[in-house]
Amino acid sequence: IEVSEAGWRRIGWALAGAVVFQLAWMTVQALGWDPIFLPIDARGGLNPGLRLDPVGWFSNPRARALFFARAVRALFAVHPALAALAAAGAVFLRSTAAAVVLGIFVLWWAGRHGRRVFLGACAGLLVAGLLFLIFVDPPWRDGANWRPLVWRTALNVIALHPITGYGFNALEYSVIIDSPVG
């Protein structure tokens, strides 16, 4: 199927509408104004004191973050301000996967604008990555033994299912990380 230039513009605007709707819904949820998703306690009663994560229409935080990050390139074609809005949504969710996707987009964009821009983007991404590690996902937050344990488990999972894996977003249902700390 071949899509015309006008068709691609309509697709871009539809994607922009989806991103703006998702961000607006998450903002309403963060402010506690969502009449649909309500905080329910363990006994099944409504408890307005419970914190409800802003999820929009995604129940999986990684899928939500990747939606924003992957929308950046398409939204950039519509308008850079819309791309910045999606990037802000991905950064707000503090997802490592979304940060990697945004970094790849920045490198793609910088690579089209000459060597100096590309090298500047590489330096900027290096600084941004260090800031991400220090402030968003510090290795010392979960203890010194956490990351090696995750990497060992990842290598075991790869050894068990090297070709097929566990399927998209199914790993957390298939792997239990057993730590000596509990």
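Residues numbered from 1 in each chain as written. Predicted model: local features only at pLDDT ≥ 70, side-chain atom pairs only at ≥ 80, totals over all residues. Heavy atoms only, no water.

(A) Examining the nonpolar core more closely. With 22 residues, the main nonpolar core has V19, F68, V72, L75, A90 and L102 as its most contacted residues. Going through the elements one at a time, α1 (5–30), α2 (61–78), α3 (80–92) and α4 (96–111) are the ones with two or more residues in this core. In this structure, F68 is in contact with V19, Q22, L23, M26, A86, G89, A90 and L93, ignoring residues within four places of it in sequence. (Core = buried A, V, L, I, M, F, W, Y, C linked by side-chain atoms within 4.5 Å. Buried < 20%, exposed > 50% of the residue type's maximum accessible area, 1.4 Å probe, protein only. Helix = DSSP H or I, 4+ residues; strand = E, 2+ residues; numbered from the N terminus. Contact = heavy atoms within 4.5 Å.)

(B) Quick look at the layout of surface pockets. If you add up the space inside the second largest pocket, you get close to 250 Å³. In this structure, the second largest pocket is lined by E5, W8, R9, I11, G12, W13, L15, A74, A77 and V78. Mapped onto the lining of the second largest pocket, the elements with two or more residues apiece are α1 and α2. Here the element with the most residues in the lining of the second largest pocket is α1; it accounts for seven residues. Taken together, the residues that form the lining of the second largest pocket break down as seven nonpolar, one polar and two charged. (1 Å grid on protein atoms, 1.4 Å probe; cavity = no way out; pocket = protein on both sides within 12 Å on 5 of 7 lines; lining within 4 Å. Points joined across faces, edges and corners; volume = space filled by probe spheres on them. Nonpolar A, V, L, I, M, F, W, Y, C, P; charged D, E, K, R; others polar.)

(C) Expanded view of the packing of aromatic side chains. Taken as a whole and assessed by the stated rule, the structure comprises four aromatic pairs. Taking the centre distance of 5.6 Å and the plane angle of 65 degrees together, the rings of F76 and F105 count as edge-to-face. Here F76 is found in helix α2, whereas its partner F105 is found in helix α4, with 29 residues between them in sequence. Judged by its relative accessible area of 30%, F76 is partly exposed. Ring geometry for F76 and W109: centres 6.4 Å apart, planes at 75 degrees, overall edge-to-face. One end of the pair, F76, is in helix α2; the other, W109, is in helix α4, with 33 residues separating them in the sequence. (Phe/Tyr/Trp six-rings, centres within 6.5 Å; stacked < 30°, edge-to-face > 60°.)

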